[in-house]
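# Coordinates in review
Below are the chains, spelled out letter by letter.
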Amino acid sequence: NDRTEEVFFMIAAFFSNISTSQSLRQQLSWQKIVPLLSAMFSTHSHRDIQTHAINAMANLRDVPAAVSVMVNDDAILGSVLQAMQSTHIDIHSSSLRLLSGITSHAIAMDKLCALDCVHLIAPFVRSPHIAFRKYAYVCLANFASVVNELFGIGFIVFILSYIS
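Residues numbered from 1 in each chain as written. Predicted model: local features only at pLDDT ≥ 70, side-chain atom pairs only at ≥ 80, totals over all residues. Heavy atoms only, no water.

## What to know about the overall build of the protein chain
Counting its secondary structure elements, the protein chain contains eleven helices and zero strands. Traced from its N-terminal end to its C-terminal end, the protein chain shows the element sequence α-α-α-α-α-α-α-α-α-α-α. The buried share of the protein chain, taken over its 164 residues, is 47%. Counting only contacts in the protein chain whose residues sit at least 6 apart along the sequence, the fraction spanning at least 24 positions is 66%. Accessible surface computed for the protein chain: about 8,100 Å², of which carbon and sulfur atoms make up 57%. (Helix = DSSP H or I, 4+ residues; strand = E, 2+ residues; numbered from the N terminus. Buried < 20%, exposed > 50% of the residue type's maximum accessible area, 1.4 Å probe, protein only. Contact = heavy atoms within 4.5 Å. Areas by Shrake-Rupley, 256 points an atom, 1.4 Å probe, with all protein chains shown as cover.)

## Brief notes about the packing of helix 3 (residues 33–43) against helix 4 (residues 47–59)
Between helix 3 and helix 4, the least distance of the axes is 8 Å, while the angle of their chain directions is 145°. Between helix 3 and helix 4 lies a crossing of left-handed hand. Residues Leu-37, Ser-38, Met-40 and Phe-41 of helix 3 pack against Ile-49, Gln-50, Ala-53, Ile-54, Ala-56 and Met-57 of helix 4. The class makeup of the residues in the contact of helix 3 with helix 4 is eight nonpolar, two polar and no charged. (Axes fitted to C-alpha atoms, helices over the stretch in contact; angles between N-to-C directions. Left-handed = near helix turned anticlockwise from the far one by under 90°. Nonpolar A, V, L, I, M, F, W, Y, C, P; charged D, E, K, R; others polar.)

## A word on the nonpolar core
Among the nonpolar cores identified, the biggest contains 49 residues, and Trp-30, Met-70 and Ile-102 are the most heavily contacted of them. Contacts of Trp-30, omitting those with residues within four sequence positions, involve Phe-15, Ile-18, Ser-19, Leu-24, Arg-25, Pro-35, Leu-60, Val-63 and Ala-66. (Core = buried A, V, L, I, M, F, W, Y, C linked by side-chain atoms within 4.5 Å.)

## Some thoughts on the pattern of salt bridges
Using the criterion set out here, one finds three salt bridges in the structure. Taking the shortest distance from any N to any O, the salt bridge between Glu-6 and Arg-3 comes out at 3.1 Å. Pair noted here: Glu-6 and Arg-3 are both in helix 1 (residues 2–18), with a separation of three residues, about one helical turn. Put simply, Arg-25 and Asp-62 hold a salt bridge, and the shortest N to O gap is 3.1 Å. (Salt bridge = Lys/Arg side-chain N within 4 Å of Asp/Glu carboxyl O.)

## A look at helix 4
Taking 1.5 Å as the rise per residue, helix 4 with 13 residues should run 18 Å; its terminal C-alpha atoms sit 18 Å apart, in good agreement. If you check which residues of helix 4 are buried, you get Ile-49, Gln-50, Thr-51, Ala-53, Ile-54, Ala-56, Met-57, Ala-58 and Asn-59. Packed against the buried residues of helix 4 are helix 1, helix 2 (22–27), helix 3, helix 5 (64–72), helix 6 (74–83) and helix 7 (89–102). (Expected span 1.5 Å × (residues − 1).)

## Regarding the environment of Ile-49
Tracing the backbone shows Ile-49 in helix 4. Taking C-alpha positions, Ile-49 is 9.4 Å from Leu-37, a pair spaced twelve residues apart along the chain.

## A short note on the environment of Asn-59
Following the sequence through the fold, Asn-59 ends up in helix 4. Distance from Asn-59 to Ser-19, taken between C-alpha atoms, is 5.7 Å for residues 40 residues apart in sequence. Separated by 2.9 Å, the side chains of Asn-59 and Ser-19 make a polar contact. (Polar contact = N/O pair within 3.5 Å; in protein donor to acceptor, adjacent residues only side chain to side chain.)

## A short note on the packing of aromatic side chains
Within this structure, the stated rule accounts for three aromatic pairs. Judged by centre distance (6.1 Å) and plane angle (70°), the rings of Phe-15 and Trp-30 are edge-to-face. Of this pair, Phe-15 sits in helix 1 while Trp-30 is found in the loop between helix 2 and helix 3, placing the two residues 15 residues apart along the sequence. You'll find Phe-15 and Trp-30 in the same group, each marked buried. (Phe/Tyr/Trp six-rings, centres within 6.5 Å; stacked < 30°, edge-to-face > 60°.)

## Comments concerning the side chain of Ser-19
By the secondary structure assignment, Ser-19 is in the loop between helix 1 and helix 2. From its side chain, Ser-19 meets the backbone oxygen of Phe-15 in a polar contact 2.8 Å long. Apart from the residues within four sequence positions on either side, Ser-19 is in contact with Arg-25, Trp-30, Ala-56, Asn-59 and Leu-60.

Have a look at this one:
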């Protein structure tokens, strides 16, 4: 239904816009909004809805409550990882930006390591797109900063092999 898509587009665009404000990110309770954004991203085929929804989630990468919801919900985390393989560059970029923020939260590292996210992220250090390289380096640095506790020095060497 075209009318329904318009409503979802307006909701996704609204949250994409307000999530850019640091004060609003801190004031609002995102625990119920993040699943809504994820559902809009993963269930709607309209690219503009998907783009705004994943962008809003990426803007929330510095909000611990929002990151906690994203990490603890397998469907949300799965849709973020799937978005990294999108053929649409803006969705692709926002998902990588989101993951670069999620990896800076200690609560996410065990789960991301278990999902073998490094293999998904690492090839982006060789991307022709500077933003992709930047976000990939941030992710890998975040993994390297905690991975010694989880995996040992061999894993750090593996991560560094992508960086060099």
